[in-house]
Amino acid sequence: MVLNYIWIAFFLVAFCIALVRLLFLGDTSVFPAMMDSTFSSSKTAFEISLGLTGVLSLWLGIMKIGEKGGIVNLLARLLSPVFTRLFPDIPKGHPVTGSIFMNIAANMLGLDNAATPLGLKAMEQMQELNTKKDTASNPMIMFLVLNTSGLTLIPVSILVYRAQMGAAQPTDIFIPILLATFFSTLTGIIVTSLYQRINLINRTMLLTLGGACALIAAIIWGFSQMEPDTMNTVSTSAANILLMTIIVGFIVAGMRKKVNVYDAFIEGAKDGFTTAVRIIPYLVAILVGIGVFRASGAMDMLIGGIQWCVEATGMNSDFVGALPTALMKPLSGSGARGMMVDAMQTFGADSFVGRLSCIFQGSTDTTFYILAVYFGSVGIKNTRHAVSCGLLADLAGIISAIAICYMFFG
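Residues numbered from 1 in each chain as written. Predicted model: local features only at pLDDT ≥ 70, side-chain atom pairs only at ≥ 80, totals over all residues. Heavy atoms only, no water.

> I tried to follow the nonpolar core on my own but got confused; where do I start?
Generally speaking, soluble globular proteins have nonpolar side chains that are buried together. If you look at the biggest cluster of nonpolar residues, it comprises 57 residues, and the most contacted ones within it are Phe 87, Ile 100, Met 123, Met 126, Phe 143 and Phe 375. Here this core takes eight residues from helix 17 (residues 367-377), the largest share from any one element. Excluding residues that lie within four positions of it along the chain, Phe 375 makes contacts with Met 123, Ala 136, Met 140, Leu 144, Ile 370, Ile 380, Thr 383 and Ala 386. Counting 29 residues, the second largest nonpolar core, distinct from the first, contains Ala 180, Phe 319, Ile 359 and Ala 401. (Core = buried A, V, L, I, M, F, W, Y, C linked by side-chain atoms within 4.5 Å. Buried < 20%, exposed > 50% of the residue type's maximum accessible area, 1.4 Å probe, protein only. Helix = DSSP H or I, 4+ residues; strand = E, 2+ residues; numbered from the N terminus. Contact = heavy atoms within 4.5 Å.)

> Got a minute to help me understand the environment of Leu 327 in this structure?
Note on placement: Leu 327 falls in helix 14 (residues 323-328). Spatially, the C-alpha atom of Leu 327 lies 9.0 Å from that of Ile 398, the residues being 71 residues apart in sequence. Each residue touching Leu 327, except ones within four places of it in the same chain, is listed here: Met 299, Leu 302, Ile 303 and Ile 306.

> Could you clarify how one ought to interpret helix 4 (residues 96-108) in this entry?
Since one α-helical turn is 3.6 residues long, residues separated by three or four positions face the same way. If you check helix 4, its first and last C-alpha atoms are 18 Å apart, about what 13 residues at 1.5 Å a residue would give, namely 18 Å. The buried count for helix 4 comes to 10 of 13 residues, which makes it a mostly enclosed element. For helix 4, the full list of buried residues reads Val 96, Thr 97, Gly 98, Ser 99, Ile 100, Met 102, Asn 103, Ala 106, Asn 107 and Met 108. (Expected span 1.5 Å × (residues − 1).)

> Just to check I follow, could you spell out the pattern of salt bridges for this structure?
Between side chains of opposite charge, a pair can form when the charged atoms approach closely. Counted under the stated rule, the structure contains seven salt bridges. Two residues, Arg 21 and Asp 27, come together in a salt bridge whose shortest N-O distance is 2.5 Å. Note that Arg 355 and Asp 172 form a salt bridge whose closest N and O atoms lie 2.9 Å from each other. In this pair, Arg 355 is assigned in helix 16 (residues 352-363) and Asp 172 in the loop between helix 7 (156-164) and helix 8 (174-196), connecting sequence segments 183 residues apart. A relative accessible area of 15% places Arg 355 in the buried class. Taken together, the salt bridges that share partners define one network made up of Arg 162, Asp 172, Asp 350 and Arg 355. (Salt bridge = Lys/Arg side-chain N within 4 Å of Asp/Glu carboxyl O.)

> Just to check I follow, could you spell out the packing of aromatic side chains for this structure?
Both the distance between ring centres and the angle between the ring planes are used here to describe each pair of aromatic rings. Counted under the stated rule, the structure contains eight aromatic pairs. Judged by centre distance (4.7 Å) and plane angle (45 degrees), the ring pair of Phe 352 and Tyr 406 falls under tilted. Taken together, the residues span a long stretch of sequence, with Phe 352 in helix 16 and Tyr 406 in helix 18 (residues 386-409) at a distance of 54 residues. Residue Phe 352 is classed as buried on the basis of its relative accessible area, which comes to 15%. (Phe/Tyr/Trp six-rings, centres within 6.5 Å; stacked < 30°, edge-to-face > 60°.)

> Hey, could you run me through a nonpolar patch on the surface in this one?
On the surface, a cluster of nonpolar side chains totalling about 720 Å² of accessible area is made up of Phe 15, Leu 19, Val 20, Leu 22, Leu 23, Phe 24 and Leu 25. For Leu 23, the location among the structural elements is in helix 1 (residues 2-25). (Patch = residues over 30% accessible without salt bridge, like charges linked within 9 Å, V, L, I, M, F, W, Y side chains within 5 Å. Areas by Shrake-Rupley, 256 points an atom, 1.4 Å probe, with all protein chains shown as cover.)

> Any chance you could explain the packing of helix 2 (residues 30-69) against helix 12 (residues 280-295) here in plain terms?
In a pair of packed helices, the angle between the axes and the distance between the axes together describe the arrangement. Interaxial distance between helix 2 and helix 12 falls to 8 Å at its minimum, and their mutual angle equals 150 degrees. Considering the angle they form, helix 2 stands roughly antiparallel to helix 12. The chirality of how helix 2 crosses helix 12 is right-handed. Residues Val 30, Ala 33, Met 34, Ser 37, Thr 38, Ser 41, Ser 42, Thr 44, Ala 45, Phe 46, Ile 48 and Ser 49 of helix 2 touch helix 12, and the partners they reach there are Ile 280, Leu 283, Val 284, Leu 287, Val 288, Gly 291, Val 292 and Ala 295. Considered class by class, the residues forming the contact of helix 2 with helix 12 number 13 nonpolar, seven polar and no charged. (Axes fitted to C-alpha atoms, helices over the stretch in contact; angles between N-to-C directions. Parallel < 35°, antiparallel > 145°, perpendicular 65-115°, else oblique. Left-handed = near helix turned anticlockwise from the far one by under 90°. Nonpolar A, V, L, I, M, F, W, Y, C, P; charged D, E, K, R; others polar.)

Note that every value here comes from positions in space, so none of it alone points to a role or purpose.
Set out below in structure tokens:
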């Protein structure tokens, strides 16, 4: 229902602004630009789905081997003490906990291509437990918020973009991103727990969250001791080695269980194709709405209004130049990436705005894209409090990113 209102708002606001620009400013290009955006966004949505087909087939095939080889069940048992408290509606030891862990681990390592199919697999398993097939369950919402808050330990792609844009030290935003995304995820967990009345004040959750804080502190300290080139090499190598280890480990586990791993892979890969086709209409809907909103000039007006308000209060408005990346990130990952690159081109890769745009890009994930793809893959129409929790996590990421950037580079 919330996505329905947001989608309608995109078009109505965009149309009204375009009409005002045409009647009062004589801007005859706005409506053609909006129509062009509908076609280009539709094409982009299809290309994304088409591009996902191979990746989905690969990873759902690997996951099927893991299921039959017992790896997923093993992960479910190991994570059961934490997940029974964070996802109380999921039966203890259910295989979906293994899928959730694999998805979160892939996100933390910045392995987006691996995270999406693993997340879609988890959604399918949670839908099997869902008693209301068109309504998001509590575990689904908690899982989606964990994804939209975008906890990332190794932001490889952002480091690469900074290097390409000529940053003196591409890795100087690594620690700020790590801090901002951690606060975003922590906020998402707390807010969703309040909505769902989940008690986080218990020994298991306090140890888990405390351990996560300690792990992040250790990672920050370890990477801070490295030279920039070494940091890039280690982070990229660690992500790729771990990913290949997972693939080989699943295959070996299947062999130990005397599973026909080839047939198991083919069985899972078939699901990847059908899933990719199923999400096309949802992607077309959300990306077309976003495209029209941008083409109408609504985004530029929003940024200008924020800058005026900030300056009117006498506050430092240096951060406003990077806000397009922050505001676009919940709507479109590729759009936010373009905003980030544009900010570095316009202001410089090592400018305050350039660095802040990179921190924005790494602090959260594409909330509406994730909601559209994940809920669309299982036919969820009533998203309940998923949007509000996801956006609150995004807001925490934005605020913490601004504060941390001022602390490091202000």
